[in-house]
Amino acid sequence: MRGGEPGLDELVVTHDAAVREHEVVNTGAEDLMVFLFFGPDLHTDVPSIPGR
């Protein structure tokens, strides 16, 4: 993964990898920005919007 280079600047962690313990290390000079997309039953402690 290499930031700022199209085709090399994104990382997708699949369900199989996400449910196992793993470590992501930023070896670059700039901050690593991580976006978390989640589905149902992943974060059960987060309050839900009624009717959704």
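Enquirer: Please clarify how the overall build of the protein should be interpreted in this entry.
Expert: Looking only at helices and strands, the protein features one helix and zero strands. When each of the 52 residues of the protein is scored for burial, the buried share is 0%. Summing over all exposed atoms, the protein offers an accessible surface of approximately 5,700 Å²; the carbon and sulfur share of this is 55%.

Enquirer: I tried to follow the environment of Glu10 on my own but got confused; where do I start?
Expert: Structurally, Glu10 can be placed in the segment before helix 1 (15-18). Residue Glu10 is classed as exposed on the basis of its relative accessible area, which comes to 67%. For the pair Glu10 and Val34, spaced 24 residues apart in sequence, the C-alpha to C-alpha distance is 9.7 Å.

Enquirer: Looking at this structure, how should I read a nonpolar patch on the surface?
Expert: On the surface, Val24, Leu32 and Val34 cluster together into a nonpolar patch covering about 280 Å² of accessible area. One can find Val24 in the segment after helix 1. A relative accessible area of 51% places Val24 in the exposed class.

What counts as what
Residues numbered from 1 in each chain as written. Predicted model: local features only at pLDDT ≥ 70, side-chain atom pairs only at ≥ 80, totals over all residues. Heavy atoms only, no water. Helix = DSSP H or I, 4+ residues; strand = E, 2+ residues; numbered from the N terminus. Buried < 20%, exposed > 50% of the residue type's maximum accessible area, 1.4 Å probe, protein only. Areas by Shrake-Rupley, 256 points an atom, 1.4 Å probe, with all protein chains shown as cover. Patch = residues over 30% accessible without salt bridge, like charges linked within 9 Å, V, L, I, M, F, W, Y side chains within 5 Å. Salt bridge = Lys/Arg side-chain N within 4 Å of Asp/Glu carboxyl O.

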